[in-house]
Amino acid sequence: MARVMVTGATGLLGRAVVKQLKQTDEHLLIATGFSRAETGIYKLDLTDEEAISQFIGVHQPDVIIHCAAERRPDISEQSPEAALALNLGATGALAKAAKQQGAWLIYISTDYVFDGTEPSYCEADKPNPVNFYGESKLQGEQALLATTSDFAVLRLPILYGEVEKIEESAVLVLLNQLLDNSPQDVDHWAVRSPTSTQDIALAIEQMISLHLKGEDLNGIYHFSAKQTMSKYQMLLVLTELFELNGEHLSPISSPMDTAKRPHDCTLNCQRLADLGIASQIAFKEGVKESLVSSQNALSLIGLTLK
């Protein structure tokens with residue numbers, strides 16, 4: 001039985017990964033978190049290199065899935081040192097300890113390592129991040145692969161999934177704009193590929209399975225849903241699912257955000273597709289399933305799925 005450590009196990013993606021891996025008896029889960037650590041979750045400060053080294057030495061994982069990150073571009077821009085501490089410092093410390101232990105590590109990165117000017121991006125394309133979030137995640141990639149070329153980087157786009165509060169997902173947080181009936185400007189400029197955490201968790205499980213069977217998985221991989229859409233188009237789907245009026249929403253076809261965003265970072269996912277790993281979940285069906293699983297979060301903002 002493989003010992004699989006998951007960082008950020010209390011977060012949006014980490015919870016989905018833990019849930020997926022628990023569905024079989026093939027893995028012994030070592031789930032870690034920090035500010036939201038609870039029963040069944042080990043509390044681990046990923047900014048403490050010595051704590052990481054000791055933890056991995058004690059628990060001796062075979063595989064590490066590094067989901068923990070500062071994922072918010074605006075916050076990364078405002079607090080670059082804190083973003084680097086998680087996205088670079090923690091990644092480097094985990095990579096060093098994993099190599100020493102002989103564990104295989106998957107680092108979760110982002111499509112924001114690209115500038116969005118020449119999609120679709122394959123793994124070999126040159127990164128050129130336009131904001132500090134993308135830069136910090138790219139530095140994490142570089143630190144990981146400099147430690148050993150045996151590790152893997154998994155770049156992902158914008159995520160949605162089962163949430164404890166809607167602010168966890170950059171997709172589901174759009175519901176706030178549905179509820180505010182005052183005129184709302186919505187981004188119809190940036191092209192995104194909203195991807196289900198359930199979809200990603202299954203892909204990660206498949207990657208682990210192939211690795212444990214002796215498949216040589218290393219370097220950079222891309223995983224993404226096939227549909228592309230703006231936030232405005234995502235909101236139109238949410239409007240339909242909740243049978244709400246979206247006439248107060250105005251599509252804006254120019255950049256809107258505080259931190260600069262790339263225009264279109266659509267990912268080419270051929271490396272994983274060649275291994276039989278590809279997205280299975282379309283946006284409307286996936287987001288509806290996520291909302292069904294997030295009724296407590298919806299009730300907090302006064303919404304009920306129709």
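Below or above, wherever it landed, is the structure these notes cover. (Residues numbered from 1 in each chain as written. Predicted model: local features only at pLDDT ≥ 70, side-chain atom pairs only at ≥ 80, totals over all residues. Heavy atoms only, no water.)

**A closer look at the overall build of the chain**
- A tally of regular secondary structure across the chain gives eleven helices and eleven strands.
- Relative to its length of 306 residues, the chain is compact, with a C-alpha radius of gyration of 19 Å against a globular reference of 19 Å.
- The buried share of the chain, reckoned over its 306 residues, is 52%.
- Taking the intrachain contacts of the chain between residues at least 6 apart in sequence as the baseline, contacts between residues at least 24 apart amount to 79%.
- Working note: accessible area of the chain is about 13,600 Å², and carbon and sulfur atoms make up 47% of it.
- Here the chain holds 24 positive side-chain charges and 39 negative ones, and the gap between their average locations is 2 Å. (Helix = DSSP H or I, 4+ residues; strand = E, 2+ residues; numbered from the N terminus. Rg over C-alpha atoms; globule rule 2.2 N^0.38 Å. Buried < 20%, exposed > 50% of the residue type's maximum accessible area, 1.4 Å probe, protein only. Contact = heavy atoms within 4.5 Å. Areas by Shrake-Rupley, 256 points an atom, 1.4 Å probe, with all protein chains shown as cover. Lys, Arg positive; Asp, Glu negative; His and termini not counted. Charge placed at Lys NZ, Arg CZ, Asp CG, Glu CD.)

**Overview of the nonpolar core**
- Membership of the largest hydrophobic core comes to 82 residues, with the highest contact counts inside it found for Val6, Ile65, Leu154, Leu175, Met207 and Leu291.
- Beyond its immediate stretch of four places on either side in the chain, Val6 contacts Gly14, Val17, Val18, Leu21, Leu29, Ile30, Ala31, Thr32, Ile65 and Cys67.
- Listed in part, the seven residues of the second largest apolar core include Val113, Tyr121, Leu138 and Leu267. (Core = buried A, V, L, I, M, F, W, Y, C linked by side-chain atoms within 4.5 Å.)

**Some words on the side chain of Glu168**
- Mapped onto the elements, Glu168 comes out in the loop between strand E7 (159–160) and helix H6 (175–179).
- For Glu168, the residues in contact, after removing those within four places along its chain, are Thr10, Leu12, Arg15, Arg36, Arg71 and Val163.

**Remarks on helix H5 (residues 132–147)**
- End to end, H5 covers 23 Å across 16 residues, agreeing with the expected 22 Å (1.5 Å per residue, within 8%).
- Each element contacted by the buried residues of H5 is listed here: helix H3 (73–78), helix H4 (80–101), strand E5 (104–110), strand E6 (152–156) and strand E10 (219–222). (Expected span 1.5 Å × (residues − 1).)

**Focus: the packing of aromatic side chains**
- As enumerated under the stated definition, the model contains four aromatic pairs in all.
- Seen in terms of ring centroids, Phe114 and Tyr121 are 4.2 Å apart; in terms of plane orientation they differ by 10 degrees. Their pairing is stacked.
- We classify Phe114 as buried; its relative accessible area is 0%.
- Ring centres 5.4 Å apart and planes at 85 degrees place the aromatic pair Tyr160 and Phe283 in the edge-to-face group. Here Phe283 lies in helix H10 (residues 283–292) and Tyr160 lies in strand E7, a separation of 123 residues in the sequence. There is no split in this pair, since Tyr160 and Phe283 are both buried.
- The ring of Phe34 has Lys43 lying over it, and the distance from NZ or CZ to the ring centre is 5.1 Å.
- Positioned above the aromatic ring of Tyr221, the side-chain terminus of Arg271 is 4.0 Å from the ring centre. (Phe/Tyr/Trp six-rings, centres within 6.5 Å; stacked < 30°, edge-to-face > 60°. Lys NZ or Arg CZ within 6 Å of the ring centre and 35° of its normal.)

**So, the sheet that holds strand E1 (residues 2–7)**
- As summarised here, the arrangement of the seven strands in space is E3-E2-E1-E4-E5-E6-E10, forming an open sheet in which the pairing is parallel. Each having just a single partner strand, strand E3 (42–43) and E10 make up the two edges of the open sheet.
- As defined by bridge partners, E6 adjoins E10 across four bridges and the pair is classed as parallel. Its bridge partner being in E10, Leu154 is matched across the sheet by Tyr221. (Pairing = 2+ DSSP bridges.)

**Here we look at helix H2 (residues 49–59)**
- Every buried residue belonging to H2 is among Ile52, Phe55, Ile56 and His59, and all of these are buried. Looking down the long axis of H2, one finds its buried residues gathered within 95 degrees of arc, a one-sided arrangement.
- Regarding H2, its N-cap is Asp48, as a side-chain oxygen of that residue lies 3.1 Å from the backbone nitrogen of Glu50 further along.
- Positioned one or two residues after H2, Gln60 has a phi angle of 50 degrees, which is positive. (Arc of directions from axis to C-beta. Polar contact = N/O pair within 3.5 Å; in protein donor to acceptor, adjacent residues only side chain to side chain.)

**Description of the pairing of strand E2 (residues 27–33)**
- The element E2 is extensively covered by neighbouring structure, given that five of its seven residues are classed as buried.
- Bridge analysis of E1 against E2 gives five bridges, and the strand direction is parallel. Pairing of Ala2 across the sheet is with His27, part of E2.
- Chirality of the crossover, the property in question, places the unit of E1, helix H1 (residues 12–21) and E2 among those that are right-handed. (Right-handed = clockwise from strand over helix to strand, strands pointing away.)

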